[in-house]
Amino acid sequence: AASRAAADARGRSERPQSAAASRIIGISLQEAQQILNVSNLNPEEIQKNYDHLFKVNDKSVGGSFYLQSKVVRAKERLDEELRIQAKDDKEKGWKAET
């Protein structure tokens, strides 16, 4: 119950689309950034860190499937946030022209 309340509180501080993405994917934007060790949404840095963490957590090299799964979910969450931002930027550009 306490973790649900904390998740709800995090969701209220995010934009509606971002909060929805956090609920669907299951982790917040902040948690995803912590997992992939990125402070901003730089696609190249996200991909570089994802590739490294995915590889070192591969079960065939003695890694953890659980941690590898967290890395994948974090990448999905950050990719979704990048998509939301791109959509918002596109809509802002369209509104400025009208």
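- As named in an unreviewed UniProt entry, the protein is Presequence translocase associated motor 16, taken from Buteo japonicus.
- UniProt lists a comment for the protein under the heading Subcellular location (unreviewed entry), and it reads "Mitochondrion inner membrane".
- Note on the protein: under the UniProt heading Sequence similarities (unreviewed entry), the record states "Belongs to the TIM16/PAM16 family."

**Notes on the side chain of Lys75**
Part 1: Tracing the backbone shows Lys75 in helix α5 (residues 65–97).
Part 2: Its relative accessible area of 12% is what places Lys75 among the buried residues.
Part 3: A distance of 3.2 Å separates a polar atom in the side chain of Lys75 from a polar atom in the side chain of Gln47.
Part 4: Once residues lying within four places of it in the same chain are set aside, the contact partners of Lys75 are Leu36, Ile46, Gln47 and Tyr50.

**A word on the environment of Ile35**
Part 1: As for its placement among the helices and strands, Ile35 is situated in helix α3 (residues 29–35).
Part 2: Sequence separation between Ile35 and Tyr50 is 15 residues; the distance between their C-alpha atoms is 9.2 Å.
Part 3: Sequence-distant contacts of Ile35, that is, excluding residues within four places in its chain, are made with Ile27, Leu53, Lys70, Val71 and Ala74.

**Some thoughts on the pattern of salt bridges**
When the charged atoms of two side chains lie near each other, side chains of opposite charge can form a pair.
Part 1: Under the defined criterion, the tally for this structure stands at five salt bridges.
Part 2: The partner of Asp79 in a salt bridge is Lys75, and the shortest N-O contact between them spans 2.8 Å. Of this pair, Asp79 and Lys75 both sit in helix α5, four residues apart, which is roughly one turn of that helix.
Part 3: Note on Asp79: relative accessible area 33%, which makes it partly exposed.

Here is what the cut-offs are and how they apply
The written sequence of each chain sets the order in which its residues are numbered from 1. With the structure being a predicted model, the display of local features is reserved for residues of pLDDT at least 70 and the display and counting of side-chain atom pairs for 80 or more, all residues being used for whole-chain, interface and lining totals. Only hydrogens and water are set aside; all other atoms, that is, all heavy atoms of the structure, feed into the side-chain values. UniProt positions are given in the numbering used here, feature names are shortened, and annotations may be inferred rather than shown by experiment. A helix here means a DSSP run of H or I that spans at least four residues, while a strand means a run of E at least two residues long, and both kinds are numbered starting from the N terminus. Think of it in three bands: residues with accessible area under 20% of the maximum for their type are buried, residues over 50% are exposed, and the middle band is partly exposed, with areas taken using a 1.4 Å probe on protein chains only. Definition of a polar contact: a pair of N or O atoms within 3.5 Å, with one able to donate and the other able to accept a hydrogen when the atoms are protein atoms, and with sequence-neighbouring residues admitted only if both atoms are side-chain atoms. In this description, contact between two residues means that some pair of their heavy atoms is separated by no more than 4.5 Å. The salt bridge definition used is simple: a Lys or Arg side-chain nitrogen within 4 Å of an Asp or Glu carboxyl oxygen.

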